[in-house]
Protein chains: 2
Amino acid sequence: MTQQGILIVISGPSGTGKGTICRELLRSNPRLKYSISATTRLPRVGEVDGVNYLFTGKEQFKTMIDNGELLEWAEVYGNFYGTPRRYVLDQLHSGFDVVLEIDTQGAMKVKDNFSQGVYVYVVPPSLDELADRIYKRGTDSPEVIKNRLHCASSELKLAHNYHYIVVNDQVAAAVQRIETIITAEKYRAERNTDLIDSLYRSKCIGKPASKG
Amino acid sequence: MTQQGILIVISGPSGTGKGTICRELLRSNPRLKYSISATTRLPRVGEVDGVNYLFTGKEQFKTMIDNGELLEWAEVYGNFYGTPRRYVLDQLHSGFDVVLEIDTQGAMKVKDNFSQGVYVYVVPPSLDELADRIYKRGTDSPEVIKNRLHCASSELKLAHNYHYIVVNDQVAAAVQRIETIITAEKYRAERNTDLIDSLYRSKCIGKPASKG
């Protein structure tokens, strides 16, 4: 009896380091599967269909939306991105856990469609620390940084919609916290109804087992 | 900011080994506190008031019931036993986690009074294994064993009322599973509202921190 896998949704404000955490989590846990997004944008050099993304045409993508084949989707600068339900379910049924890294808005859409997932919100140790990280990344103008921090601050209001809060003070520590969460979730009663059923149905002979 | 402690209620069918697990859990985690029961029965030789039990008179016990001072109570062969709420709350407020070992009926009463606790149901690997254990214990007649197994089987129907199911195949493994559960529970969103509030309220200067 293989226990069904768990969908672990890792989200958090921009700049909080969720991407780094997910990469490290997947690297150190080879049995974890990464949820691959479908997208209508063209592949970049080196990107492989079915590995980095599922590259699809716009018509095909719209059909997936209409058929409820996506756990969430969004349009960004004219391109569509989404999380195919089938890939996730296939992995879970095979007993693999799946990691989905996604922004706050996307995570809440996934939760609406898949409440049995585990929703983890990664937060910085402080907003000053977050400002520091975004600044050091060196990719954003002061105006954009200010906007990102404003968004981060307001996104924190959504933290109560998640199951767990993980502070990213150190990447290794944050990864370990998520590993602990995944292990503990395996023991949740609602994930062990088959175990209880089989215990309940097991023939009990009411006398010492033969080895006794 | 000290995070409030967690009440961990360890329950399970008779003979499942929850007592051994709790002793080992407390032995290897000195910061865990054991929830001390109040009882009206007389101390046995070597039992210390405030350590093994809180020994109380019947009138005092009834006053505790009337005043809602017990998380649960039961009468067994003319003696009263109960879990004083005050002791548990004091430990939790001081940041200590508290372990309460209790039968299924008691656990469900505690849950009614303290839903924010963590409810762990310990089960045997199989009912045959449970029969074997009870038999080896050598304290029960075949009739009593049969009755215990019947009770165990029907108690399994209550497993879905618990948060977690832990199989006691090996004591050390079962203890480690409960330790993992306790650690993960510290990251639950509902236990970290203060953290999110303080992050949200923290002054963000919107520019690199001075150390940046």
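All values derive from a computational prediction rather than experimental measurement.

### Remarks on the overall build of chain A
And step 1. Along chain A, the regular secondary structure elements total eight helices and nine strands.
And step 2. For chain A, the proportion of its 212 residues judged to be buried stands at 45%.
And step 3. By sequence separation, contacts in chain A at least 24 residues apart represent 67% of the contacts at least 6 residues apart.

### Considerations on the pairing of strand 7 (residues 98-101) of chain B
All names here are of chain B.
And step 1. One ladder, built from four bridges, connects strand 1 (residues 7-11) with strand 7; its direction is parallel. Bridge pairing in strand 7 places Leu7 opposite Val98.
And step 2. In this structure, strand 2 (residues 33-34) lies alongside strand 7, joined through two bridges in parallel fashion. By the bridge assignment for strand 7, Lys33 is matched with Val98.

### Comments concerning the sheet that holds strand 3 (residues 37-39) of chain B
Residues and elements named next belong to chain B.
And step 1. Strand order in this open sheet of four strands is 4-3-6-5, and the pairing throughout is mixed. Only two strands of the sheet have a single neighbouring strand rather than two, namely strand 4 (53-55) and strand 5 (70-76). Taken over all neighbouring pairs, the strand axes of this sheet differ in orientation by 25° on average, direction set aside.
And step 2. With five bridges connecting them, strand 5 and strand 6 (residues 79-84) associate as antiparallel partners. For Ala74, the partnering residue across the bridge sits in strand 6 and is Tyr81.
And step 3. Contacts between helix 3 (residues 85-93) and the sheet are confined to strand 5 and strand 6, with strand 6 contributing the most and set at about 25° to the helix.

### As for the pairing of strand 8 (residues 118-123) of chain A
Residue and element names in this part refer to chain A.
And step 1. Most of strand 8 is tucked away, with six of its six residues classed as buried.
And step 2. Of the two faces of strand 8, the one carrying Val118, Val120 and Val122 and the one carrying Tyr119, Tyr121 and Val123 are both buried.
And step 3. Pairing between strand 1 (residues 7-11) and strand 8: four bridges, direction parallel. When the sheet's bridge partners are listed, Ile8 is paired in strand 8 with Val118.
And step 4. Taken together, the four bridges between strand 8 and strand 9 (residues 164-167) define a ladder with parallel strand orientation. Residue pairing in the sheet places Val122 in a bridge with Val166 of strand 9.

### Observations concerning the packing of aromatic side chains
Residues and elements named next belong to chain B.
And step 1. Per the counting criterion, the structure on display carries 10 aromatic pairs over all chains.
And step 2. With 5.9 Å between their ring centres and 45° between their planes, Trp73 and Phe80 make a pair best called tilted.
And step 3. Residue Trp73 is classed as partly exposed on the basis of its relative accessible area of 34%.
And step 4. A ring pair is formed by Tyr121 and Tyr162, whose centres lie 4.4 Å apart and whose planes are at 40°; its orientation type is tilted.

### Quick notes on the UniProt feature "domain: Guanylate kinase-like" (unreviewed entry) in chain A
And step 1. Feature annotation in UniProt assigns "domain: Guanylate kinase-like" (unreviewed entry) to the following positions: residues 5-183 of chain A.
And step 2. The distance from the first to the last C-alpha atom of residues 5-183 of chain A is 11 Å, and the span holds 43% helix and 22% strand.

### Examining the interface of chain B and chain A
And step 1. Every contact between the two is made by 46 residues of chain B and, on the other side, 46 residues of chain A.
And step 2. Taking both sides of the interface into account, the surface hidden between chain B and chain A amounts to around 4,000 Å²; carbon and sulfur atoms contribute 70%.
And step 3. Of all residues in chain B, Tyr187(B), Leu199(B) and Tyr200(B) give up the largest surface area on contact with chain A, accounting jointly for 17% of the area buried on that side.
And step 4. A salt bridge links Arg188(A) to Glu185(B); the nearest nitrogen and oxygen atoms lie 3.6 Å apart.
And step 5. The tally of links between chain B and chain A comes to eight residue pairs in polar contact (both at pLDDT 80 or more).
And step 6. Elements with a contribution of two residues or more to the side of chain B that touches chain A: helix 5 (127-137), helix 6 (142-155), strand 9 (164-167), helix 7 (171-185) and helix 8 (193-201) of chain B.
And step 7. Top contributing element to the side of chain B that touches chain A by residue count: helix 5 of chain B, with seven residues.
And step 8. Considered class by class, the residues forming the side of chain B that touches chain A number 25 nonpolar, nine polar and 12 charged.

The rules we used
- Residues numbered from 1 in each chain as written.
- Chains lettered and ligands numbered in written order.
- Predicted model: local features only at pLDDT ≥ 70, side-chain atom pairs only at ≥ 80, totals over all residues.
- Heavy atoms only, no water.
- Helix = DSSP H or I, 4+ residues; strand = E, 2+ residues; numbered from the N terminus.
- Buried < 20%, exposed > 50% of the residue type's maximum accessible area, 1.4 Å probe, protein only.
- Contact = heavy atoms within 4.5 Å.
- Pairing = 2+ DSSP bridges.
- Axes fitted to C-alpha atoms, helices over the stretch in contact; angles between N-to-C directions.
- Phe/Tyr/Trp six-rings, centres within 6.5 Å; stacked < 30°, edge-to-face > 60°.
- UniProt positions renumbered as here; feature names shortened; annotations may be inferred.
- Buried area = accessible area lost by both parts, 1.4 Å probe.
- Salt bridge = Lys/Arg side-chain N within 4 Å of Asp/Glu carboxyl O.
- Polar contact = N/O pair within 3.5 Å; in protein donor to acceptor, adjacent residues only side chain to side chain.
- Nonpolar A, V, L, I, M, F, W, Y, C, P; charged D, E, K, R; others polar.

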